[in-house]
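# What the coordinates show
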Amino acid sequence: FSQCGEDGILQHLISVINIENETFIEFGVQNYIESNTRFLLINNNWRGLVFDGSSKNINYIKNDQIYWQFSLIAEHLFIDKNNINERIKKNNLSGDVGLLSIDIDGNDYWIWDAISVIQPRIIVCEYNSLFGYKAPITVPYRPDFNRTEAHYSNLYFGASISALTILAKEKGYSLVASNSEGSNIFFVRNDLMKNLKELSPKEAYVRSKFRESRDPDGQMTFLSFKDRLELIKEKKVVNIVDSKVYTISEII
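I will try to describe carefully the structure that is included in this document. (Residues numbered from 1 in each chain as written. Predicted model: local features only at pLDDT ≥ 70, side-chain atom pairs only at ≥ 80, totals over all residues. Heavy atoms only, no water.)

Taking burial as the measure, the 5 residues of strand β5 (residues 122-126) include 5 buried ones, the bulk of the element. Neither face of β5 is open: one carries Ile-122, Val-124 and Glu-126, the other Ile-123 and Cys-125, and all of them are buried. Bridging between strand β4 (residues 99-102) and β5 involves 4 bridges; their strand directions are parallel. Each residue of the ladder has a partner; that of Leu-100, found in β5, is Ile-123. As paired strands, β5 and strand β8 (residues 184-189) are joined by 5 bridges and run antiparallel to one another. From the neighbouring strand, Cys-125 faces β8, where its bridge partner is Ile-185. (Buried < 20%, exposed > 50% of the residue type's maximum accessible area, 1.4 Å probe, protein only. Helix = DSSP H or I, 4+ residues; strand = E, 2+ residues; numbered from the N terminus. Pairing = 2+ DSSP bridges.)

What follows is the structure, encoded as structure tokens:
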């Protein structure tokens, strides 16, 4: 059910990591037909909490037969730094959980930074491959960040693999894997790392080949990696090490 092999990576990780609380939380699931946790729900009988910013998507999930077949809660929520902890606690989740998956096409770094009520054993987070593996950067935080409104190309969003790895280290996690498409990376809590090798951002980074760029009319343009980066080079990013704002062309 995952987009780029995440199901297989997660099946490997849960085979080498002891998961005491088989519970997941996933953000940005759309209608949940394609997701990082649906296979855990169906194949491994985990229970979970999913959020999406579209009420239409949440209604779709609640009318899917999996909603009564398995222990799943779906809630409509446009996530920001101020509401995420409260909504997790409201659903009686705290402390040690199995998995957190973050893919909200924008404030991913800032939301993970804000989360304090859970300490997942595994974390999956989307990164922006266009930002490379060296610069520790993210889009500036805006509570109402919308990827398409931020730049018509749909390319200006999220954080670099380096920024997310620095945040992970601060929170007690190690980078252990990435998918083959250059979109998601995987972290494991440090106390569970005995059977896993820690990777550097350079080792885990994948230069994305998918060509999702759009023109101002919303039509696909199929640009190369270099041309995609050129398109957003004057957009602003925050260097999370010095907290200063740069244009992408200044820092990459």
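Resuming the write-up.
In this structure the tally under the stated criterion is 12 salt bridges. Among the salt bridges present, the one from Glu-20 reaches Arg-121, with a minimum N-O distance of 3.7 Å. Pair noted here: Glu-20 is in the loop between α1 (6-16) and β1 (23-27) and Arg-121 is in the loop between α6 (108-114) and β5, with a separation of 101 residues, a long-range link. One salt-bridge network, in which partners are shared between bridges, spans Glu-20, Asp-96, Arg-121, Arg-189 and Asp-191. (Salt bridge = Lys/Arg side-chain N within 4 Å of Asp/Glu carboxyl O.)

Most peptide bonds take the trans configuration, and most residues that are not glycine carry a negative phi. For Asn-154, which is not glycine, the phi torsion reads 70° and is therefore positive. With respect to the helices and strands, Asn-154 occurs in the loop between α7 (147-150) and α8 (161-171). Non-glycine residue Phe-222 carries a positive phi angle of around 55°. Its place among the elements puts Phe-222 in the loop between α9 (201-204) and α10 (225-231). Overall, the relative accessible area of 45% leaves Phe-222 in the partly exposed class.

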